[in-house]
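A structural walkthrough
These are the residues of each chain, in order.
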Amino acid sequence: MIKKVEFKTYREMPIRPMTVGDMLWNLTGSWRNVRPYYDFKRSPCIVGCPTSENIQRYIQLVTENRYEEAWRTIIDNNPMPAVTGRVCFHPCMSNCTRGEYDEPININAIERSLGDMGLENPGWMAKAKATGDKKAAVVGGGPAGLSCAFYLARAGYPVTLFETDGALGGVLRWGIPEYRLPNGTLDKVVKAIIDSGPITVKTGVKVGRDIGLDKLEKEFDAVFLGIGLARSRSMDVDGEDGEGVEPGLSFLRKVNGGEKVDPGKKAIVIGGGNTAMDVARCALRSGSDVTVVYRRTVNEMPAIREEIEEAEKEGVKFEFLAAPKEILRKKGKLAGIVFQRMELGQPDESGRRKPVAVEGETIRMEADRIYSAIGEQADLEGISEAVETEWNLIKADEATGQTGRKKVFAGGDAVTGAASVVEAIAAGRKAAEKIIRIFTGRAESGEAEPATVGIDDINTDYFSKTRQTKMPRIPVGRAREGFGEIHTGYDAALLHREADRCFSCGVCNYCDNCWVFCPDVAIMRHENEYEINYDYCKGCLVCVQECPRNALSTREEGK
Amino acid sequence: MKPATMPTEELMGSGHLACQGCGATQAMRFALKALGPDTALVIPACCWAVIDGSFPHSCIDLPIYHTAFETAAVVASGLKAGLEMRGDTKTTVMAWAGDGGTFDIGLQSLSGAAERNDDFIYVCYDNEAYMNTGIQRSSSTPVGAWTTTTPVTNYKREPKKNMIDIMAAHSIPYIATASTAYPHDFMRKIAKANTFRGTKYIQIFAPCPTGWKLAPELSVKMARLAVTSKMYPLLEITDHGQKLEVWKDFEPTPIAEYMKAQGRFRHLSDAEIAGIEKDVEAKWERLLAKERMLASIPGL
């Protein structure tokens, strides 16, 4: 009853003083000087993800058992969660608010579970038909190219995908060993992407050699170059050429292709990146005693932390602060290697301390095989003539992939230099989005980014400290004996245990706190949201204070 | 959306006259959700006599008997007897009084009803002073607190009355403490109380932002810190005063965090707060010792 009961005469009054109406006529909202309102913010994991996966959202959907929607949420930004869930360096987890409280959410493992579910349920992937009047060429079937092709095809634009190798996958196929990413899984991922829309694949075609970039520019309305870094950089030391010394990438390519390899009794791997770790662990699995030699210290190693730890556990040895100086040969046969002792000097442009030689100090090591993994470079044959390059990398806009040529876009390692799978996926998607904007003539949506939530915004009273749920794995002893996948993935119980740990920073996950604690019964609980009834909200702000995840904000009335 | 974490039916509506962030109001809403519509209330003079609404209105969709300060328990006894005389044995009668009307003014009638073991739930919403009449001290006001009758120059030196032990001495079937910060615990206790026949006493800690000189948004936070600082242990006494269970599964917090947020304690020095902390810790230890002692008596 919104109307106040008023007695005009005593005859209208009940015999006894009793209630005849409720208090809803009393609009206590007029008492309020500060207004609470629902204001969803950005979770820091999303900010940390190079391809901006809506991590908070898909974890919340997992907690509600809505797996298909969760998977779709990832697919909006990343077409291959089964890959990134295995090989990503997960900067999302370094950004996770929970990491400042106890341990970060194991986002990587949750992503992998969803990615695997997507592979088991091919029906989840919507099939796009060719509806667009423009067509695009994508050069390179690695993560950047597959991502770009996927998002273009999803929008209905026919894509022709050119790949030098016989099979798609790029670095995922020939660069990442099977114990991290099994070929069978990769095959399914690639198939799902190719089957998702109008994508024509041309393997065994090297753009720049077999077909000119100019020709692609003429035939297609847009060209994306995602050619990656397919060449090992040489060490530039005496004795490098000859038997026993091999680029790490070529070794990995053989291993991943199932070729028989012989890394000798004692192998030395030079470098500190992920390629070095992969080479070392593959050589170890092929029966060799392996030492990784790096010119800085473990702290500066660019490899993923877990990979370094795994390599160490499996028995790979490390020698730090040593740079190759000379490879020793006896009658052409590899005899050993001499390293220059280094020390850390001033930080360089990458922010890492630069190694400088310690005069007169060298180390000599015996070796049957030496693998160089000091970096890769792009194979720009036939490309560098057509597009502008710098430092042997393609010059392209970071946000859109646009090169100096109107129709040509580029992204991934060939633009950034050695980076990561997820960054290549992001670059492919962003280029696809830019190409689609050009095709449709639509402008970029200029929505403002919401504020990001930090640990100080979380009401930790509502969370007890818990440990991160580690992904189950096979024991190190067994892992190092073969190429079988090391991590075996969560089961449903583990997946929920970990997903339930998520703070859901800045985004409501229907915990009911605001509704429970409102003294004025001014919060309405609807099917999919809460609503504040400002007719009665007195502005006590208990809801804002007791929201565990800062999904509400305040504003002074009249301002 | 997930299933609701408490019953969605609202027996208490908006538009009431409570201050911003009122703990007593939250407590009422929770209690009514736990009891459901087959409930009649008795409310003596206290904040809730006003919060409810002005004649002829009420924000509560249930029969309420407004009564004199000292008579909540005896009116509840009478109401229950009257209902039973008319053949209604189902309706729950709940007396709902503040700490002044329980610890001080209503003590004799409560003691009488408890001794007779009359069948009703008595809830004391404890905001630790006579808030409705202007923040005068009650025997529930904690040591160290400012009130209008214990100004900072002469703040309250006497400890809070131990009402729980007084009620336990009456051998009633169920006694519990609760806090507005733990609504599900409170609702469980109300529902549990309703399963016993006889007098049930529940005392819920209900912050009063106005009387405590506290920012209203910190109302629930204070109710939580009172428990985690051991100032206000959550406990249940069953088997007619013979079994005691104390809730211990929380991360302890320092008392200073609780006291320093409230204006009513602002005049206290760190040394005085440390003294209070020592007393609280000793009381907590005694409570746990009592719990162990009662548990160790054979045949219980």
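Per-chain numbering applies: the sequence of each chain, read as written, is numbered from 1 onward. Labels follow written order: the first chain is A, the first ligand is 1, and so on. Reporting of local features is limited, given that this is a predicted model, to residues whose pLDDT is at least 70; pairs of side-chain atoms are given and counted only at 80 or more, and all residues count toward the totals for whole chains, interfaces and linings. Side-chain calculation: all heavy atoms of the structure are included, whereas hydrogens and water are not.

Some remarks on the overall build of chain B
- Secondary structure elements are defined from DSSP: runs of H or I of at least 4 residues count as helices, runs of E of at least 2 residues count as strands, and each element is numbered from the N terminus. Looking only at helices and strands, one finds eleven helices and eight strands in chain B.
- What the globule rule says is 2.2 Å times the number of residues to the power 0.38, and the radius of gyration is computed from C-alpha atoms. Here the C-alpha radius of gyration of chain B, 19 Å, is about what a compact globule of 300 residues would show, namely 19 Å.
- Whether two residues touch is decided by their heavy atoms; if any such pair falls within 4.5 Å, the residues are in contact. Considering only contacts in chain B between residues 6 or more positions apart, those separated by 24 or more positions represent 70%.
- Residues scored as positive are Lys and Arg, those scored as negative are Asp and Glu, and His as well as the terminal groups of each chain are ignored. Here the site of a charge means atom NZ of a Lys, CZ of an Arg, CG of an Asp or CD of a Glu. With 31 positive and 32 negative side-chain charges, chain B shows a spacing of 2 Å between the two charge centroids.

Digging into the overall build of chain A
- When helices and strands are tallied, chain A shows 19 helices and 21 strands.
- Considering only C-alpha atoms, chain A reaches an extent of 125 × 55 × 45 Å along its principal axes.
- The classification of residues rests on relative accessible area computed with a 1.4 Å probe and restricted to protein chains. Under 20% of the type maximum is buried, over 50% is exposed, and intermediate values are partly exposed. Buried positions account for 55% of the 559 residues belonging to chain A.
- Once local pairs closer than 6 in sequence are excluded, the contacts in chain A between residues at least 24 apart make up 71%.

Focus: the pattern of salt bridges
- The term salt bridge refers to a side-chain nitrogen of Lys or Arg lying within 4 Å of a carboxyl oxygen of Asp or Glu. Taken as a whole and judged by the stated rule, the model has 67 salt bridges over all chains.
- Residues Arg405 of chain A and Glu217 of chain A are paired through a salt bridge, measuring 2.7 Å at the closest nitrogen-oxygen approach. Of this pair, Arg405 of chain A sits in the loop between β17 (393–394) and β18 (408–410) while Glu217 of chain A sits in helix α10 (residues 213–219), and the two are 188 residues apart along the sequence.
- The class of Arg405 of chain A is partly exposed, set by a relative accessible area of 29%.
- Judged by its relative accessible area of 12%, Glu217 of chain A is buried.
- In this structure, Asp118 of chain B and Arg116 of chain B form a salt bridge, with 2.9 Å as the shortest nitrogen-oxygen distance.
- One salt-bridge network, in which partners are shared between bridges, spans Arg180, Asp278, Arg281, Arg285, Glu307, Glu310, Lys313, Glu314 and Arg473 of chain A.

Here we look at the layout of surface pockets
- Think of a 1 Å grid over the protein atoms and nothing else: a 1.4 Å probe that fits but is trapped marks a cavity, an open set flanked by protein within 12 Å on at least five of seven lines marks a pocket, and residues with an atom within 4 Å of a point count as lining. Grid points are joined across faces, edges and corners, and a volume is the space filled by probe spheres set on the points. Approximately 1300 Å³ is the volume found for the second largest pocket.
- Forming the boundary of the second largest pocket are 47 residues, of which Thr460, Asp461, Tyr462, Phe463 and Ser464 of chain A lie nearest the centre.
- Counting residues per element, the ones that place at least two in the lining of the second largest pocket are α2 (55–63) and α18 (513–517) of chain A together with α7 (183–193) and α9 (219–228) of chain B.
- Looking at side-chain class alone, the lining of the second largest pocket contains 19 nonpolar, 13 polar and 15 charged residues. Residues are sorted three ways: Asp, Glu, Lys and Arg are charged, Ala, Val, Leu, Ile, Met, Phe, Trp, Tyr, Cys and Pro are nonpolar, and all the rest, Gly among them, are polar.

Here we look at the interface of chain A and chain B
- Facing the 46 residues of chain A at the interface are 43 residues of chain B.
- Here the quantity called buried area is the total loss of accessible area, with a 1.4 Å probe, experienced by two parts when brought into contact, counted for both. Summing both sides of the interface, chain A and chain B together bury roughly 3500 Å²; the carbon and sulfur share of this comes to 59%.
- Contact with chain B buries area across many residues of chain A, yet Met23, Trp515 and Val521 of chain A alone supply 19% of it, more than any other trio.
- Where chain A touches chain B, the interface holds three salt bridges.
- Taking the shortest distance from any N to any O, the salt bridge between Arg224 of chain B and Asp461 of chain A comes out at 3.0 Å.
- Looking at the side of chain A that touches chain B, the elements with two or more residues in it are α18 and α19 (542–546) of chain A.

Things to note about the domain arrangement of chain A
All names here are of chain A.
- Considered domain by domain, chain A is made up of domain 1 (136–230 + 378–440) and domain 2 (234–375).
- Taken over C-alpha atoms, the centre of domain 1 sits 30 Å from the centre of domain 2.
- Tallying the contact residues gives twelve residues for domain 1 and eleven residues for domain 2.
- Summed over both partners, the interface of domain 1 with domain 2 buries about 990 Å², with 47% contributed by carbon and sulfur atoms.
- By the criterion of area lost to domain 2, the three top residues of domain 1 are Trp174, Tyr179 and Arg180, representing 61% of everything that side buries.
- At the junction of domain 1 with domain 2, the criterion picks out three salt bridges. Domain start and stop positions are those given by an automatic or database domain assignment.

Examining the sheet that holds strand β12 (residues 333–347) of chain A
Residues and elements named next belong to chain A.
- Two strands qualify as a pair provided that DSSP identifies no fewer than 2 bridges between them. Ordered in space as β11-β12-β13, the three strands form an open sheet in which the pairing is antiparallel. Edge strands, defined here as strands with exactly one partner in the open sheet, are β11 (322–330) and β13 (353–366). Across this sheet, the average inter-strand angle for adjacent strands is 20°, counted without regard to direction.
- Relative to β12, β11 is paired through eight bridges, and the arrangement is antiparallel. Residue pairing in the sheet places Ile327 in a bridge with Ile337 of β12. Orientation is described by lines fitted to C-alpha atoms, with helices fitted over the stretch in contact, and by angles between N-to-C directions that extend from 0 to 180 degrees.

What to know about helix α3 (residues 72–85) of chain B
Residue and element names in this part refer to chain B.
- A helix's residues, less one, multiplied by 1.5 Å, set its expected span. Between its first and last C-alpha, α3 extends 20 Å over 14 residues, near the 20 Å set by a 1.5 Å rise per residue.
- Of the positions making up α3, those classed as buried are Ala72, Ala73, Val75, Ala76, Ser77, Lys80 and Leu83.
- Where α3 is buried, its residues meet β1 (39–43), β2 (64–66), β3 (92–98), α5 (107–116) and β4 (120–126).
- Directly after α3, the chain includes Gly87, whose backbone phi takes a positive value near 90°.

Considering the packing of aromatic side chains
Residue and element names in this part refer to chain B.
- Each Phe, Tyr or Trp ring, with Trp reduced to its six-membered ring, pairs with another whose centre is within 6.5 Å; inter-plane angles below 30 degrees give stacked pairs, above 60 give edge-to-face pairs, and intermediate values give tilted ones. According to the stated counting rule, one finds 23 aromatic pairs over all chains in the structure shown.
- Seen in terms of ring centroids, Phe69 and Tyr130 are 6.0 Å apart; in terms of plane orientation they differ by 75°. Their pairing is edge-to-face. Here Phe69, found in the loop between β2 and α3, pairs with Tyr130, found in the loop between β4 and α6 (163–168); they are 61 residues apart in sequence, far enough to count as distant.
- For Phe69, a relative accessible area of 21% translates into the label partly exposed.
- Residue classification places Tyr130 among the buried positions, given a relative accessible area of 12%.
- Taken together, the ring pairs in this structure connect Tyr182, Trp247, Phe250 and Trp284 into an aromatic cluster.

A look at the nonpolar core
- Nonpolar cores were defined as sets of buried Ala, Val, Leu, Ile, Met, Phe, Trp, Tyr and Cys residues, with membership established by side-chain atoms within 4.5 Å. Counting residues in hydrophobic clusters, the biggest one holds 86 residues, and the most contacted among them are Trp48 and Trp96 of chain B.
- If one sorts the elements of this core by residue count, helix α1 (residues 23–35) of chain B sits on top with seven residues.
- In contact with Trp48 of chain B, not counting residues within four places along its chain, are Met12, Ala24, Thr25, Met28, Ile43, Cys59, Ile60, His66, Trp96 and Tyr125 of chain B.
- Core analysis: the second largest hydrophobic core is formed by 68 residues, Tyr58, Met80, Val87 and Leu152 of chain A among them.

Thoughts on the sheet that holds strand β5 (residues 222–225) of chain A
Residues and elements named next belong to chain A.
- Spatially, β4-β3-β2-β5-β18 is the arrangement adopted by the five strands of the open sheet, whose pairing is parallel. Each end of this open sheet is capped by a strand with a single partner; those strands are β4 (199–203) and β18. Each neighbouring strand pair of the sheet contributes to a mean axis angle of 20°, computed without reference to strand direction.
- Sheet topology note: the β5/β18 ladder contains three bridges and is parallel. Note that in β18 the partner of Val223 across the bridge is Val408.
- Relative to β5, helix α15 (residues 421–440) is tilted by about 170°, and along the sheet it contacts β5 and β18.

A short note on the pairing of strand β9 (residues 289–294) of chain A
Residues and elements named next belong to chain A.
- Here β9 lies mainly inside the structure; five of its six residues are buried.
- Handedness is read with the strands pointing away from the viewer; a crossover is right-handed when the path from the first strand over the helix to the second is clockwise. Traced from strand β8 (residues 266–270) through helix α12 (residues 274–285) to β9, the parallel crossover comes out right-handed.
- Here β9 runs beside strand β10 (residues 317–320); their pairing, made up of four bridges, is parallel. Within β10, the position partnered with Val292 by the bridge is Phe318.
- Each parallel crossover has a hand, and for β9 linked through helix α13 (residues 305–314) to β10 it is right-handed.

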